[in-house]
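These are the residues of each chain, in order.
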Amino acid sequence: MRLSKSFNRSLWVFHFNSGSCNGCDIEIVCTLTPRYDPERFGIKLVGSPRHADVLLVTGPVVHDMADRLRRVYDQMPDPKVVISVGTCSQSGGVFFDSYNLDGPVNDIIPVDVHVPGCAPRPEAIIDAVVKGIAKLERLEEGGKK
Ligand code: SF4
């Protein structure tokens, strides 16, 4: 698997917490530790969505974060991939049907890869990023989304 042209040097990831309990976010941080070290493949977290190819979203999207999530998504250049991390981001999880939710994530922005689990293990998060790379490759080749 190899990304061409604009993805030759990197796959940059922006992390967005839409109201999670922080459990999924800790697993994302754990994924970046030397044990897994995805930076050796050019995968790294960036501080601005304008530089990102991949959006990692945690949490069930509370009301105050819904518009921020839309704006972050719109600021990312195309082609881009959205990965929802954790059960809460998929369905609301333990916060399901709360009066304060606008989510889950798929109700706010289109999600390409879901990572189930509470919280998902780093291996599952890395696997999701690899699936995201496959989608970006298809987009670059002009294939189906
Ligand atoms: S899926 Fe679990 S760990 Fe992740 S935000 Fe929800 S409750 Fe927290």
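Each remark here, short or long, concerns the structure printed above.
In this section: the overall build of the protein chain. Along the protein chain, the regular secondary structure elements total 4 helices and 5 strands. Taken from N to C terminus, the helices and strands of the protein chain fall in the order β-α-β-β-α-β-α-β-α. Against the 2.2 N^0.38 benchmark of 15 Å for 145 residues, the protein chain shows a C-alpha radius of gyration of 14 Å, consistent with a compact globule. When the backbone C-alpha atoms are referred to their principal axes, the protein chain occupies close to 45 × 35 × 25 Å. Per-residue burial over the protein chain gives 45% buried out of 145 residues. Of the roughly 8000 Å² of accessible surface on the protein chain, a fraction of 51% belongs to carbon and sulfur atoms. Averaging the coordinates of the 17 positive side-chain charges in the protein chain and doing the same for the 18 negative ones gives two points 6 Å apart.

To continue, consider helix α4 (residues 122-140). With 19 residues, α4 extends 27 Å from end C-alpha to end C-alpha; this agrees with the ideal 27 Å at 1.5 Å per step. Check the buried side of α4 and you find it contacts β1 (11-17), α1 (23-31), β2 (43-45), β3 (54-58), β4 (81-85) and β5 (113-115). Positive backbone phi, at 80 degrees, marks G142, one or two positions downstream of α4.

Counting across every chain of the model gives 6 salt bridges. Among the ionic pairs, R121 bridges to E123, the shortest N-O distance being 3.4 Å. You can call R121 exposed: its relative accessible area is 55%. Among the charged side chains, a salt-bridge network with shared partners connects D67, R70 and R71.

Neighbouring the ligand are S20, C21, G23, C24, T87, C88, G117, C118 and A119. Mapped by element, the contributors of at least two residues to the shell around the ligand are α1 and α3 (87-91). The class makeup of the residues in the shell around the ligand is 5 nonpolar, 4 polar and no charged.

Now for unusual backbone geometry. Backbone torsion omega between D78 and P79 reads -5 degrees, so that peptide bond is classified as cis. Mapping P79 onto the fold places it in the loop between α2 (63-75) and β4. Omega for the bond connecting C118 with A119 falls within 30 degrees of zero, at -10 degrees, which places this linkage in the cis form. Tracing the sequence through the fold places A119 in the loop between β5 and α4. One non-glycine residue, N22, lies in the positive phi region at around 90 degrees. Its location among the elements puts N22 in the loop between β1 and α1. Here the phi dihedral of D97 falls at roughly 70 degrees; this positive angle occurs in a residue that is not glycine.

Quick notes on the rules
Residues numbered from 1 in each chain as written. Predicted model: local features only at pLDDT ≥ 70, side-chain atom pairs only at ≥ 80, totals over all residues. Heavy atoms only, no water. Helix = DSSP H or I, 4+ residues; strand = E, 2+ residues; numbered from the N terminus. Rg over C-alpha atoms; globule rule 2.2 N^0.38 Å. Buried < 20%, exposed > 50% of the residue type's maximum accessible area, 1.4 Å probe, protein only. Areas by Shrake-Rupley, 256 points an atom, 1.4 Å probe, with all protein chains shown as cover. Lys, Arg positive; Asp, Glu negative; His and termini not counted. Charge placed at Lys NZ, Arg CZ, Asp CG, Glu CD. Expected span 1.5 Å × (residues − 1). Contact = heavy atoms within 4.5 Å. Salt bridge = Lys/Arg side-chain N within 4 Å of Asp/Glu carboxyl O. Near = heavy atom within 4 Å. Nonpolar A, V, L, I, M, F, W, Y, C, P; charged D, E, K, R; others polar.

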